[in-house]
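Topology and contacts: notes
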Amino acid sequence: MVVVKIVTQVKLMPDAEQAAALSATLRAVNALACWVSEVAFTHGMPREYELRKHTYSRLKAEGLGAQAAQHTIKKVRDAYTTLRANIRAGNLGTPKSKRRRKAESKPITFRPNAAQPYDDRCLSWQHDQQTVSIWTTDGRLKGVRFVCSAHALKVLQQYRKGESDLIERDGVFYLIATCEVPEAETYEPDGFIGVDLGIVNIATTSTGYQAAGRALNRYRKRQLALRAKLQKKRTKSARRRLKERSRRETRHVKNTNHSIAKTIVTEAERTSAGISLEELKGIRQRVRLRKPQRVALHSWAFAQLGEFIVYKAKRAGVPLVFVDPAYTSQTCAECGHVDKRNRVDQQLFICRGCGVVVHADRNASHNIATRGESVWNAGRESRVPATR
Ligand SMILES: [Zn+2]
């Protein structure tokens, strides 16, 4: 069975004593992870079992159980593997660059509240009571309450699998659980819904739906103004409020994206249509190419919307294709005439060939739908060989 991997976050509601134990645990495992990292560094990043030989007994002696000790070693190994992959991919620059030399010259360190992985032996979930039982350096905590949305609870109950991460942000503890949600079988689409993504109108579909970016952009503008005000005050509380603001904004964008994606995917499912999206890489590039719009949404917001549509479509079995967005805003969806001047302004499209007048984003969404259909048909021809 094909599955989509997603993460689900729940907020823990420990009492004061439980909170102290969780906090002490994160601090202890991360201090020890720093020590393991030093050992790994001085031994030239040995393999996991060698590293275990050098560190396991001390970790046990320091009060970590067998699982926690192994998870701590693995966490360190994974951090070095990631660093190495980043270096290989050139993400830290050339061998002589300052960033790369800095990264290579000393052991990786872990913040006192860095994430710690938990497997099913150190963490169990009681969904009906909405509690977890979790290992800490002060022994096992039972009945730690957690909160999340009803939907998240259902997903957790049905599909949670493997490890979860315990993290702490500003004194609040969260568990981030991995869920493996099965993909539905894809149906044969009856036409395609084209989705045009943009800053002014976040999403416009060829079937008439339009999600205006006005509310989100206005929200962002207000947030930026408040942020500028807070940034002037260099106090600790201002910094904390700043962080909280940017998190709130991230959440707000996420909720909006979820609801837009849901609307589009639900419509496709209802009408047995497929969805045609611009290549995600294209979205990022295109958004970046526009002149700087400080107020406008970040490109990650579009990438996230694309990801949500992909995920929800897969879950619902809605066929999905990606198309090259080149010239979709200059081509007339009616007659196919291509001219840069067809697009009069942000909103208006007037074809120089056939004279049609239409909303610019709507026109683009029709082009994306048409392209999606031909991509799908081309794919079908290669999937199903002609019979004689
Ligand atoms: Zn035309």
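1. Quick look at the sheet that holds strand S5 (residues 139-147)
The strand order S2-S6-S7-S1-S5-S4-S3 describes an open sheet built from seven strands, whose pairing is antiparallel. Both edges of this open sheet fall to strand S2 (116-118) and strand S3 (123-126), since each of them pairs with a single strand only. On average, each strand axis in the sheet is tilted by 35 degrees relative to the strand beside it, whichever way the strands run. In this sheet, strand S7 (residues 172-182) lies alongside strand S1 (residues 3-13) in antiparallel orientation, the contact comprising nine bridges. Of the residues in S7, the one forming a bridge with lysine 5 is glutamate 180. Along the sheet, helix H3 (residues 66-88) makes contact with S2, strand S4 (131-136) and strand S6 (160-169), crossing S2 at roughly 130 degrees.

2. Quick word on the sheet that holds strand S9 (residues 201-205)
Strands sit in the order S10-S9-S8-S11-S12 across an open sheet of five strands; the sheet is mixed. Edge positions in the sheet fall to strand S10 (210-212) and strand S12 (320-323), since each of these pairs with one other strand and no more. Strand after strand, the sheet turns through a mean of 20 degrees between neighbouring axes, direction not considered. As judged from the three bridges shared by strand S8 (residues 192-197) and S9, these two strands associate in the antiparallel manner. When the bridges of S9 are listed, leucine 197 appears paired with alanine 203. Helix H7 (residues 236-270) contacts S8, S9, S10 and strand S11 (274-278) of the sheet and is inclined by roughly 5 degrees relative to S9.

3. Observations concerning the coordination of the zinc ion
Surrounding the zinc ion are the protein donor atoms Cys332 (SG), Cys335 (SG), Cys351 (SG) and Cys354 (SG), which sit 2.2 to 2.3 Å from the metal. Around the zinc ion sit four donor atoms; with metal-centred angles ranging over 105 to 113 degrees, the donor geometry is tetrahedral. Donor residues for the zinc ion sit on one chain with the sequence pattern C-x2-C-x15-C-x2-C. With cysteine 335 in the loop between S12 and strand S13 (348-350) and cysteine 354 in the loop between S13 and strand S14 (357-359), this residue pair connects regions lying 19 residues apart in the sequence.

4. Notes on the domain arrangement of the chain
Considered domain by domain, the chain is made up of domain 1 (3-182) and domain 2 (192-382). For domain 1 and domain 2, the distance between their C-alpha centres works out to 35 Å. Counting residues at the interface gives eight residues for domain 1 and five residues for domain 2. On inspection of domain 1 and its partner domain 2, the count reaches two salt bridges. For aspartate 170, the salt bridge goes to lysine 243, with nearest N and O atoms at 3.7 Å. The interface formed by domain 1 and domain 2 contains one residue pair in polar contact (both at pLDDT 80 or more). Breaking the side of domain 1 that touches domain 2 down by element, the ones donating at least two residues are S1, helix H5 (150-159) and S7. Partitioning the side of domain 1 that touches domain 2 into residue classes produces five nonpolar, one polar and two charged.

Parameters at a glance
Residues numbered from 1 in each chain as written. Predicted model: local features only at pLDDT ≥ 70, side-chain atom pairs only at ≥ 80, totals over all residues. Heavy atoms only, no water. Pairing = 2+ DSSP bridges. Helix = DSSP H or I, 4+ residues; strand = E, 2+ residues; numbered from the N terminus. Axes fitted to C-alpha atoms, helices over the stretch in contact; angles between N-to-C directions. Contact = heavy atoms within 4.5 Å. Donors = N, O, S within 2.8 Å, 3.2 Å for Na, K, Ca; no water. Tetrahedral: all angles 85-135°; square planar, octahedral: opposite > 155°, others 65-115°. Domains from an automatic or database assignment. Salt bridge = Lys/Arg side-chain N within 4 Å of Asp/Glu carboxyl O. Polar contact = N/O pair within 3.5 Å; in protein donor to acceptor, adjacent residues only side chain to side chain. Nonpolar A, V, L, I, M, F, W, Y, C, P; charged D, E, K, R; others polar.

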